[in-house]
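Notes for the structure review
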Amino acid sequence: MDAGNGLRTHAHEGDIVVFHIGMTVRKPHRPDLWMPVFAAMPKMIAELWRNKAAAERGEAEDLGFLGATTLVGLKGPWTVQWWRSTDHLYAYSRMIDRAHLPAWRAFNSNARKHPDAVGIWHETYAVPAGHIETIYGYGANVGLGKVTGTVPVARRGRAARERLGATLRD
């Protein structure tokens, strides 16, 4: 791939946590059982975006949330989130005054009554600085580059192998 004018890479420096979370609808004919799970995630993501904006203005504590995107697959929706650290992610998940913990408790209560209606899953990837390689070509504005900004690809290296492990060059 040409590393010319149209190619960019993520601007983020340092460690990052990539968190995938989703649901699998197993009883589509019972929206009363899976719709509360489906509706909970947008509330959490909106809360996190609001907090991020407030923290950037100096009006709130930074929870470490960098951004998110929601995807839809054959087995259901999932969200990819980017966080500064696992400590930030885990701290948010336990905050009693935030949207996650009440939603998690409600899900667990309902799942015990109807264990075959909806499944949930998550995967957490703690990625050390220097172990991330990205490229965004000719206007693509997605993923880590969208949530943390981009820089010209040549600032990390022309080839993927060069960019993996590289820090920003002046």
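You'll find the structure just up there.
Notes on the structure follow. This one's a predicted model, so the numbers in the text were calculated from it and none came from an experiment.

**Quick notes on the nonpolar core**
Of all hydrophobic cores here, the largest spans 15 residues; its most connected members are Leu48, Trp83 and Tyr92. Mapped by element, the contributors of at least two residues to this core are β2 (16-25), α1 (31-56), β3 (65-73) and α2 (86-94). A per-element tally of this core places α1 first, with five residues. Contact partners of Trp83, with chain neighbours within four places excluded, come to Ile16, Val17, Phe19, Leu48, Leu63, Gly64, Phe65, Leu66, His88, Leu89 and Tyr92. One finds Leu66, Val80, Ile132 and Val147 within the second-largest nonpolar core, a separate group that totals ten residues.

**Quick look at the environment of Gln81**
For Gln81, the position within the fold is in strand β4 (residues 76-83). Its relative accessible area of 5% is what places Gln81 among the buried residues. Spatially, the C-alpha atom of Gln81 lies 18 Å from that of Ala140, the residues being 59 residues apart in sequence. Among residues more than four places away in sequence, those in contact with Gln81 are Val17, Val18, Phe19, Ile21, Met41, Ile45, Leu48, Phe65, Gly67 and Ala68. At 2.8 Å, the side chain of Gln81 and the side chain of Trp83 are in polar contact.

Calculation criteria
Residue positions within a chain follow its written sequence, with the count starting from 1. Restriction of local features to residues with pLDDT of at least 70 applies here, the model being predicted, together with a cutoff of 80 or more for giving and counting side-chain atom pairs; totals for whole chains, interfaces and linings are based on all residues. Calculated side-chain values reflect all of the structure's heavy atoms, with hydrogen atoms and water omitted. To qualify as a nonpolar core, a set must consist of buried Ala, Val, Leu, Ile, Met, Phe, Trp, Tyr and Cys residues joined through side-chain atoms within 4.5 Å. With a 1.4 Å probe rolled over the protein chains alone, any residue whose accessible area is under 20% of its type maximum counts as buried; one over 50% counts as exposed, and the rest are partly exposed. Where helices and strands are cited, they refer to DSSP runs of H or I of at least four residues and of E of at least two residues respectively, numbered from the N terminus. The contact definition used throughout considers only heavy atoms, calling two residues in contact when any of these lie within 4.5 Å. Under the rule applied, a polar contact is a pair of N or O atoms within 3.5 Å (in protein, one hydrogen donor and one hydrogen acceptor; residues adjacent in sequence only if both atoms are side-chain atoms).

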